[in-house]
Amino acid sequence: MRTPPADVLPESAAAVLAAAGVGAGSRVCCALSGGVDSVVLFELLRRLQPRFGFSLRAAHVDHGLSPNAAAWARACAERCLAAGVPLQVFRVEVERAHADGLEAAARAARHAALAQVDCDWLAFGHHQDDQAETLLFRLLRGTGVHGAAAMRAVEPGGAGRAGRLRPLLGLRRAQLLEWAGAHGLGWVEDESNAELRFTRNALRHRLLPVAEGLFPAAVPNLARAAAHFAEADALLGELAAIDAAACGAPVLCRADLLALTPARQANLLRWLLLGSGAPLPGAAPLGEALRQLRACEPAHPLRLPLGAWVCCAYRDRVWLEPAQPPAPQALHWQGEAAMHWGGDEVRLVASIGAGLGRGCLEDAGEVLLGPRREGLRMRLHPARPRRELRKLCQEAAIPAWLRDRLPVLWVDGEPAWVGGIGVAAEFACAPGAAGLVPEWRPGGVTPAPPP
Ligand SMILES: Nc1ncnc2c1ncn2[C@@H]1O[C@H](COP(=O)(O)OP(=O)(O)OP(=O)(O)O)[C@@H](O)[C@H]1O
């Protein structure tokens, strides 16, 4: 028996939810613009909710760009109220002079707002026509394999970030319109969709119709190509994971990295950047960074720009970090096991006979995690003299630009531990005594303590 068209949509969406492992206890938020795509998504999620047992909420972002913005927010509020689904409305400021254009600025503001929703999954109404447009758009801008994989139906979250679901990705725009009509759904029209000044709309209204004239299955074919790229991208990821382990990631052994072929070097750095949530740099800066890495003497510290991140190299180590890591703020220690240090983390792990003597810290008047101070000198071994931080940094292969970011544990004004260098002899834990081993856990990647 032929499945009636009305049933194809819920089952197609259900397959995506099942693939993501959405179930009882999952918190799903529908990104609701009020347009037909997300209205259909909202209604499908409502229907699927009893079957999967997830909790449903919705979020609408008001960009304040259209004279109709308030009406869209109202339409979303009415729909959610009638359905008994909680709605969060975000009003965002869009940077009109954004270097990448108004559309990109609106998207960035929208995604930043949606990232604030407390949920496990953010569901978007992207469909197959969007997928074809995305692939075409990226190909025309010279994307690589990762970009050509376009949008994934399921993007797992992690590290406090919600995952993304695109339950409609296998469906054509026309199917959504038909379903919305058959179910009497109302929606708002974004008047900017008709404006050709936005590149994406020009692709949709000019280029794709021509392509479909020549290849009637252009849209599903492009979506299929994106799936092939996604498979190739996953394979490249597997290769990068093997190379990362062999190079000792997250801080890479320079010789091992440079022993890889240039394509594998670039693949590994791209994979590490993606894993850190960094935007991928273009082929030119990545190629230049690798060229300099190959050409420069290891004793010469390097900080090579990769878009918003940098590739750092010093002696036998190579690592990646944000170009502008957040400035660390001094903090009083009050027994915490972990403290924020800029974008990084400093942990104090309980031990016996290792690290700092716990008593030294607990009996002190003031224990402060702060930056280095002028004239800092420290003795790492009881029998040796105190030495300047500059010398200790040189020995520990900590390049000059990192020195302002080194975390120092000040115990009653004395340096007891310096990140990446070690514990001062005066504060070292006695054998068999209770201790705390400080660990500097970078959010990005900074050098491991010296071997
Ligand atoms: N103002 C909004 N508020 C909430 N969700 C929205 C809003 N605009 C778009 N979305 C969500 O994003 C999906 C895709 O929207 P649209 O196609 O307009 O964006 P895009 O720019 O192509 O995609 P993306 O933002 O993911 O790059 C919608 O179906 C909806 O789920």
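The name that an unreviewed UniProt entry assigns to the protein chain is tRNA(Ile)-lysidine synthase, with the source organism given as Thauera aminoaromatica. Looking at the Sequence similarities (unreviewed entry) heading of the UniProt record, one finds this comment for the protein chain: "Belongs to the tRNA(Ile)-lysidine synthase family." Per UniProt, the protein chain has the following entry under Subcellular location (unreviewed entry): "Cytoplasm".

A. Expanded view of the site of the ligand. By nearness alone, 14 residues border the ligand, and Ala31, Ser33, Ser38, Val61 and Gly125 come closest of all. The greatest single-element share of the shell around the ligand, amounting to three residues, is contributed by strand S2 (residues 55-62). In the shell around the ligand, the residues fall into five nonpolar, five polar and four charged.

B. Representation of the domain arrangement of the protein chain. For the protein chain, the assigned domains read domain 1 (5-224), domain 2 (248-322) and domain 3 (331-441). On a C-alpha basis, the centres of domain 1 and domain 3 stand 49 Å from each other.

C. Up close: the UniProt feature "binding site: ATP" (unreviewed entry) in the protein chain. As recorded in UniProt, the feature "binding site: ATP" (unreviewed entry) lies at Ser33, Gly34, Gly35, Val36, Asp37 and Ser38. Relative to the helices and strands, Gly34 resides in the loop between strand S1 (27-31) and helix H2 (36-52). Residue Gly35 is classed as partly exposed on the basis of its 18 C-beta neighbours within 10 Å. Setting aside residues up to four positions removed in sequence, Gly35 forms contacts with Trp187, Val188 and Asp190.

D. Main features of the environment of Ala255. Mapped onto the elements, Ala255 comes out in helix H10 (residues 254-259). Residues Ala255 and Ala104, spaced 151 residues apart in sequence, show a C-alpha to C-alpha distance of 40 Å.

E. Summary view of the pairing of strand S13 (residues 344-352). Relative to S13, strand S12 (residues 338-341) is paired through four bridges, and the arrangement is antiparallel. Within S13, the residue paired with Trp341 across the bridge is Asp344. A loop of two residues connects S12 with S13, the two strands running antiparallel in sequence, and Gly342 in this loop sits at a positive phi of about 60 degrees.

F. Just helix H11 (residues 262-275), in detail. Here H11 spans 20 Å end to end across 14 residues, near enough to the 20 Å set by a 1.5 Å rise per residue. The complete set of buried residues in H11 reads Gln265, Asn267, Leu268, Leu269, Arg270, Trp271, Leu272 and Leu273. Tucked into the core, H11 has its buried residues touching helix H9 (218-247), H10, helix H12 (283-295), strand S8 (302-306), strand S9 (309-314) and strand S10 (317-322). After H11 finishes, the residue Gly277 shows a positive phi value of roughly 75 degrees.

Each value, and the rule that gives it
Per chain, residues are indexed from 1 in the order of the written sequence. Totals for whole chains, interfaces and linings use every residue, but because this is a predicted model, local features are given only for residues with pLDDT of at least 70 and side-chain atom pairs only at 80 or more, for both listing and counting. UniProt positions are given in the numbering used here, feature names are shortened, and annotations may be inferred rather than shown by experiment. Near, for a residue, is defined by distance from a backbone-placed C-beta atom to a molecule or strand, with 6 Å as the limit that must not be exceeded. Helix and strand assignments come from DSSP, with helices taken as H or I runs of at least 4 residues and strands as E runs of at least 2, each series counted from the N terminus. Think of it as three bins: nonpolar holds Ala, Val, Leu, Ile, Met, Phe, Trp, Tyr, Cys and Pro, charged holds Asp, Glu, Lys and Arg, and polar takes everything else, Gly as well. Boundaries of every domain are those given by an automatic assignment or by a domain database. Exposure in this text rests on C-beta crowding, where 20 or more other C-beta atoms within 10 Å of a residue's own make it buried, 12 or fewer make it exposed, and counts in between make it partly exposed. The C-beta atoms are placed from the backbone. Contact between residues is assigned whenever the C-beta positions, reconstructed from backbone atoms, fall within 7 Å. A pair of strands is considered paired only if DSSP assigns at least 2 bridges between the two. Any helix carries an expected span of 1.5 Å times its number of residues minus one.

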